[in-house]
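Descriptive structure summary
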Amino acid sequence: PSLPVPHEAAAFSGPLLEDVDFRPAFPGAAAERLATYQGPAGRIAFYQVAYGRQAHGRKLIGFESTIVPPGWRVKSERTAPLGGVPAARWQEVERPNRERALIVSWYEVGGRPRASAREVKLAEAAQALSAVTYSKLLALEAPCRPDCDAAATSLTAFAAILPGQGSGKG
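Quick caveat, the model's predicted, so the values are computed rather than measured. (Residues numbered from 1 in each chain as written. Predicted model: local features only at pLDDT ≥ 70, side-chain atom pairs only at ≥ 80, totals over all residues. Heavy atoms only, no water.)

Our focus in this paragraph is the overall build of the protein. Across its full length, the protein carries two helices and eight strands. Per-residue burial over the protein gives 45% buried out of 170 residues. Within the protein, contacts between residues at least 6 apart in sequence are counted, and of these 56% link residues at least 24 apart. Summed over its atoms, the accessible surface of the protein is roughly 8600 Å², and 53% of this surface lies on carbon and sulfur atoms. (Helix = DSSP H or I, 4+ residues; strand = E, 2+ residues; numbered from the N terminus. Buried < 20%, exposed > 50% of the residue type's maximum accessible area, 1.4 Å probe, protein only. Contact = heavy atoms within 4.5 Å. Areas by Shrake-Rupley, 256 points an atom, 1.4 Å probe, with all protein chains shown as cover.)

Written out as structure tokens, the structure is:
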């Protein structure tokens, strides 16, 4: 599957070759991509992972799959819209170095956003008899500098330029 990323759009430059410590784990994925961008409020990481037909060891919602990297602690979590995504998961996390960051993630099955793991499982089951489609997870991460409100504003602006989101093109 193709995992498109924006190129030099609006106030964001990238994708850059910057190495980041934001590394979700999704074993057995059909495709995976991590891109970083520089925006007015700092760095943003954009992560995508896709799976084809679900099989043992190759599942979007699996025991070993995690959005939050090892050693990072979830401080708070909520569900709220993000641009064209009606329900995204917002997690404030603390990195091992004690810096805070904001991670916003959502699933897509058959090209439609899904809010929860349960919705993903139901949508995948409904599509199991049809042609192969891909299940995806998309995640954005930004350091909370100077605070998590600034990170949320930056992530919301970036989400608008993602392919298939908001009014942006990618």
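A separate point is the state of the cysteines. Overall, the coordinates contain one disulfide when judged by the stated rule. The residue that forms a disulfide with cysteine 144 is cysteine 148, at a sulfur-sulfur distance of 2.0 Å. Measuring handedness by torsion sign, the sulfur bridge of cysteine 144 and cysteine 148 sits at about 90 degrees and is right-handed. The class for cysteine 144 is buried, based on a relative accessible area of 8%. (Disulfide = S-S within 2.5 Å.)

Tracing the chain through its elements places asparagine 97 in the loop between strand E5 (85–94) and strand E6 (100–109). Here the alpha-carbon distance between asparagine 97 and tryptophan 72, two residues 25 residues apart in the chain, equals 9.1 Å. In this structure the side chain of asparagine 97 is engaged in a polar contact, spanning 2.9 Å, whose partner is the backbone nitrogen of glutamate 99. (Polar contact = N/O pair within 3.5 Å; in protein donor to acceptor, adjacent residues only side chain to side chain.)

The subject of this paragraph is the packing of aromatic side chains. Counted according to the given criterion, the structure contains six aromatic pairs. Arranged with centres 6.1 Å apart and planes meeting at 45 degrees, the rings of phenylalanine 22 and tryptophan 72 form a pair that is tilted. Here tryptophan 72 lies in the loop between strand E3 (42–51) and strand E4 (73–82) and phenylalanine 22 lies in the loop between strand E1 (13–16) and strand E2 (31–39), a separation of 50 residues in the sequence. Its relative accessible area of 9% is what places tryptophan 72 among the buried residues. Seen from their ring centres, tyrosine 37 and phenylalanine 158 are 4.8 Å apart, and the 50 degrees between their planes marks the pair as tilted. Residue tyrosine 37 is found in strand E2, and its partner phenylalanine 158 is found in helix H2 (residues 148–159); the two are separated by 121 residues along the sequence. Grouping residues by exposure puts tyrosine 37 and phenylalanine 158 together as buried. Feature note: the residues Phe12, Tyr37, Phe46 and Phe158 constitute an aromatic cluster, connected by ring pairs. (Phe/Tyr/Trp six-rings, centres within 6.5 Å; stacked < 30°, edge-to-face > 60°.)

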